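Observations on chain architecture
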Amino acid sequence: MAKIRYFLCLWAMLLGAPASWALDPKVDLSDYHHDIWTGKDGAPAEVSSMAQTRDGWLWIGSSNGLFRFDGVRFRRFEALSGEVAARRPITALKALRNGDLLIGYIFGGLSLLSNGHITDYPSHIGPDLMGPVLNVIMDEQGVVWAATTNGLLQLRDGAWRNVGPELGLPEGRVSNIMLDQYQQIWLAAGEQLVVLERGATHFRTVLRGYSTVNLTTSPDGRLWLDTHGKLITVPAQHPGPQLPRPDWMAQAEGQESGWFDRDGNYWTLACPGVCRTDGIGNQASSVYSPAVQPDSQLDQPWQVSNLTGNVVFEDRDGNVWIGTQAGVERFRNNRLTRVQMRGGERFFTFARDAAGQALVWAKPTNELWRLQPDGTAVLLERGPESNFGVLSNAPDGALLKAGADHIERRLGEQVETIAYPDGLRGPGGVEATRIIGDGRALWLSVSRRGSYRWLDGKWTPQAELGLPNGIAFAAPGGPGVMWFGYNDGLVLRYDNGRMQRYPPQAAGDVGPVTFIHGGPQVLIGGNEGIAVLDGAQFRRIQVQDGEVLSRVSGMVISANGDRWFNGSKGVVHVRAAQWQAALAHPQAPLEYTLYGVLDGYPGFAATANRSPSAIADAHGQLWFAGVSGIARLDATRTYPALHPPEVKIETLVSQGKRYLDFMQPVLLPAGATSLRIEYTALSYSMPEGLHFRYQLEGVDAGWQDTGTRRAVSYTNLGPGDYRFRVAAVNQFGQWSKEEAAISVRILPKFTQTPLFYGLCALAAAGLLYLLYRLWLRQATLRITTRVAERERIARALHDSFLQSVHGLTLSFQSALGGLPADSAARRKIERMLLMADKVMEEGRNEVQELRSGAMGDGDLEHGLRLVGEVLQESYRAVFTLRVLGRPRVLEEQAACESYSIGREALMNAFRHADAGSIEVTLHYAPAQFVLQVQDDGKGISPEVISKGSAGRWGVTGLFERATRIGGQLTLDNVETGGTLVRLVVPGRCAYAGQPRWRRWLPRRFKD
């Protein structure tokens, strides 16, 4: 039995180890980040109880029911479908170790919230109405105990029993029931504090004579009794070692009067307001009065939402919450603390004294302060108000102070006075704006007078040094070496009289220069970001949020290589490994941690006085100048990591219906096309800094970065299965350990089902078939008509024209027999008979198919040559024919139409052109076939070219034939005289062997 108890104790100690620190006790309550939510922010009023369940939710009980809070939005608890959440006033909340939540009501009754489902327990004890529930627990056997005005009740088999008398309690009201880490039950009964030890059958009295307000435990596990006026240590009632307070006990419930945070500080309510007494939980057991002399207090109406606090609670990350009559308040640590000065300061310059402590000279108050390691400031000097005067340190550590009358250089006990250049003194003295030592010389900047160098006891103005006017920022780079930045982005290196210019480049342009660090790794800051010198040019550091590193005016490098930038959004911490990774991979964004206004930063970095706005002292404290004051960051303190944000999907809304239960896929009705999903993440230290990303699988191709937005809508969704995923990251780069995901199924309408699509396909097929039948009928009718017409023409050609031509040839052949064999007339008639035979052959082909027969390349050349030679003998023009390229076989119709076009063109040229020469050219190019007929005659009128001859169809027929074979015909006059007929047919249409389907494609697809 002893061994079992030992292991139980060890297990409880492991569970009870604190996860993070509480609020810094060195900070006054007024210096914490203090948020107040009231009714205008959606917060409930008359807050009575608070608890944090294992899933991370912060629950708030009020007179208006149960609320939960994610750090940004308050939501009234909504019961799942088929369940009812009572809106009764709540008096008690208890978060159980298994993640459930017990809810007690002022009008009696109890509810259990488990995995979103709520179960209501009876509000009667037998026939009697149950009184208000003051507190409630569930023991290790799962039995529910309730402290009520009726006495101590126990829930068994769904019914309440008053078990006080049988356990040795007096009749009447009991309160403040508590289960400790040893599984002992404590109870305040009247003015007695009693305990029911594990396995015991009766309560035993431990203390008498105290009216208990609440029972609480300190971090070391000791039990304390609070009477509101006094805080009393309860004698231990357990064997074995003292076990610390486990986390499940700390987050189980808030306390009515006071609370020990995890550092042992005691927070007290209604003292009035909020009070904190430091370290009581770490002191010896005794009786204390924490409200008498608190170490820190907020007791003014403008400091809190209400001076009457009802409950105090600490969440798992150490934030302290107060529930009041008016709303909810939260206290959390600021990583940065404001330095308290007299007020009225606008400009600051930093330096370090001989002991390494930070000094700041404030303007226009003209006060010199020493900044203490604890964050306080000690006034050292004060002079007449002035906007001018600066501090800095030389490379050897000497303090440089440029005042109204002279410059002081202090190194240890040595003080050197340096006079200003002649002619600079004004009514209020010299208006110095910058003093820098480079290890060899001093550099001074004076308002409206430019810059000067002091070397070997002599001042030299910048004009004599060859430096351009308008220096915006300057920094030392070594003995005799200075870096200067300008508002146009120019950076200039001055090396003992030699200058090197670095004009702005696209890859490193940061805009007007606001900062330069001239160390071994030269860095510049500007309006658009920061850049590092890489060889002969500056390269800009990539960052996901470009504003974070814009307008940097100061930087501190820690001994471990970490960098701290003072920029437009606050202090940016870049760890050494993160910095080296950014330099090694220029395209990857720099990883960083931002401490901004939500962490206590005073506005944004000061840039107006063009001096470094950040400094580190010898004690590891970092100081940053903002537009509203100075902030301190303790670089020696390591803050424990917060709990990663826990992402929750709260609601899905579609067609006006809200869905809350996501344990099963959400079924949306047929016809749903849009939905809205609201999600959040539980991280209570700085929920405003959370960033989200989401993806709806089936719609989004990848993760969608949504920034701080906590809702997304989708439209035009079709039926099917979808899965929504969401994750979150806090300002420290901690991603949620697990994504939140829900499955959604949109049911299809009948018109969206495969059956409907099949029916539509059948209907479309039937319609197409009917259209096809109609087209076929019309096409058959047209073909029948065309065949009849063709047969009529064929009969006419055969019976009249061909017979007539045949008769003429017989007559010529008869006449030919009477001519001498060697006569010119005989030869001429023979050629005419050959041509007549060709005409008859074509006529027979037309009769057979009403189209020309197949004609190869040789036939086309031979046919046109024969036509030309015959016509040449009848007219005075000289005929020639030439062939270019390798002759190729023409497609049947192309050859026929080309021959017809060439013949018609030749006949027109011989008959009408009055030409001296006529030339035919056949060009067989790979991409096209060209037929060209050109004469040197009198030309053709433009009217005939555009409209053709009245009553004649020759020219029109030429164009129609060209179109039929996919060619292009041009007919035009030649500048030197004559007419040119040119037929161009694409090779895919002209030459045989081309795929037939290509010939019928539109020209844009063919080309």
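My aim in this report is to walk through the structure given alongside it, one point at a time. Please read these numbers as outputs of a predicted model, since none were measured by experiment.

A few words on the state of the cysteines. Inspection of the entire model under this criterion finds one disulfide. Residue Cys271 pairs covalently with Cys275 via a disulfide, S to S 1.9 Å. Given an S-S torsion of about 100°, the disulfide between Cys271 and Cys275 has right-handed geometry. Both residues of the pair, Cys271 and Cys275, belong to the buried class.

Looking now at the packing of aromatic side chains. Enumeration over the complete set of coordinates arrives at 33 aromatic pairs. With a centroid separation of 5.5 Å and an interplanar angle of 80°, the aromatic rings of Trp443 and Tyr494 are classed as edge-to-face. Here the residue Trp443 occupies a position in strand β41 (residues 442-446), and Tyr494 occupies one in strand β46 (residues 491-495), the gap between them amounting to 51 residues. Classification of Trp443 as buried rests on a relative accessible area of 5%. Through pairs of rings, three or more aromatic residues link up here, namely Trp37, Phe69, Phe74, Trp321 and Tyr684. Sitting over the ring of Tyr105, Arg88 keeps its end group 3.8 Å from the ring centre.

It is worth spelling out the nonpolar core at this point. Grouped together as the largest cluster of nonpolar side chains are 38 residues, with contacts concentrated most on Leu864, Leu906, Val920 and Phe929. Here this core takes eight residues from helix α8 (residues 892-912), the largest share from any one element. Not counting residues up to four positions away in its chain, the partners in contact with Phe929 are Leu860, Leu890, Ser898, Leu922, His923, Tyr924, Leu983, Val984, Val985, Ala990 and Tyr991.

Turning our eyes to something else, we now look at the pairing of strand β50 (residues 529-534). Note that strand β49 (residues 523-526) and β50 share four bridges and pair antiparallel. By the bridge assignment, Gly526 is partnered in β50 with Gly529. Between β49 and β50, which follow one another and run antiparallel, lie two residues. Two elements, β50 and strand β51 (residues 537-540), share four bridges in a ladder whose sense is antiparallel. Bridging across to β51, Val532 finds its partner in Arg539.

Turning our eyes to something else, we now look at the side chain of Ser257. Looking at where Ser257 falls in the secondary structure, it is placed in the loop between α2 (247-250) and β23 (258-260). One polar contact links Ser257 to His228, side chain to side chain, over a distance of 3.3 Å.

Taken in spatial order, the four strands line up as β36-β37-β38-β39 in an open sheet, and their pairing is antiparallel. Where the open sheet ends on each side, the last strands, each with one partner, are β36 (390-393) and β39 (414-418). This sheet shows a mean twist of 15° between the axes of neighbouring strands, independent of strand direction. Across five bridges, strand β38 (residues 407-411) lies against β39 in antiparallel orientation. Its bridge partner being in β39, Ile407 is matched across the sheet by Ile418.

As a further point, take a nonpolar patch on the surface. Taken together, Phe750, Leu755, Leu759 and Leu762 make up a surface patch of nonpolar side chains, about 440 Å² in accessible area. Residue position: Phe750 is located in the loop between β67 (740-746) and α5 (754-816).

Okay, α8 next. Between its terminal C-alpha atoms α8 stretches 30 Å, which fits the 30 Å expected from 21 residues at 1.5 Å a residue. Two or three places before Gln893, at the opening of α8, Glu891 has a side-chain oxygen 3.1 Å from that residue's backbone nitrogen. A positive phi of about 55° marks Asp914, the residue just after α8.

Quick look at the sheet that holds strand β14 (residues 151-156) now. Read from one edge to the other, the open sheet built from four strands follows the order β12-β13-β14-β15, with strand pairing classed as antiparallel. Edge positions in the sheet fall to β12 (133-138) and β15 (159-162), since each has one partner strand and no second. Each strand of the sheet is rotated relative to its neighbour by a mean of 25°, with strand direction disregarded. Direction of pairing for β12 relative to strand β13 (residues 144-148): antiparallel, over a ladder of five bridges. In the strand pairing of β13, Met138 is matched with Val144.

Of the residues making up helix α4 (residues 576-584), those classed as buried are Gln578, Trp579, Ala582 and Leu583. The buried residues of α4 occupy one face: seen down the axis, they fall within an arc of 135°. In α4, those exposed residues whose orientation departs by more than 90 degrees from the buried face are Ala577 and Ala584.

This paragraph deals with the environment of Ala200. Here Ala200 shows up in the loop between β18 (192-196) and β19 (204-208). Placed 734 residues apart in sequence, Ala200 and Gln934 show a C-alpha to C-alpha distance of 127 Å.

Cut-offs used in this document
Residues numbered from 1 in each chain as written. Predicted model: local features only at pLDDT ≥ 70, side-chain atom pairs only at ≥ 80, totals over all residues. Heavy atoms only, no water. Disulfide = S-S within 2.5 Å. Buried < 20%, exposed > 50% of the residue type's maximum accessible area, 1.4 Å probe, protein only. Phe/Tyr/Trp six-rings, centres within 6.5 Å; stacked < 30°, edge-to-face > 60°. Helix = DSSP H or I, 4+ residues; strand = E, 2+ residues; numbered from the N terminus. Lys NZ or Arg CZ within 6 Å of the ring centre and 35° of its normal. Core = buried A, V, L, I, M, F, W, Y, C linked by side-chain atoms within 4.5 Å. Contact = heavy atoms within 4.5 Å. Pairing = 2+ DSSP bridges. Polar contact = N/O pair within 3.5 Å; in protein donor to acceptor, adjacent residues only side chain to side chain. Axes fitted to C-alpha atoms, helices over the stretch in contact; angles between N-to-C directions. Patch = residues over 30% accessible without salt bridge, like charges linked within 9 Å, V, L, I, M, F, W, Y side chains within 5 Å. Areas by Shrake-Rupley, 256 points an atom, 1.4 Å probe, with all protein chains shown as cover. Salt bridge = Lys/Arg side-chain N within 4 Å of Asp/Glu carboxyl O. Expected span 1.5 Å × (residues − 1). Arc of directions from axis to C-beta.

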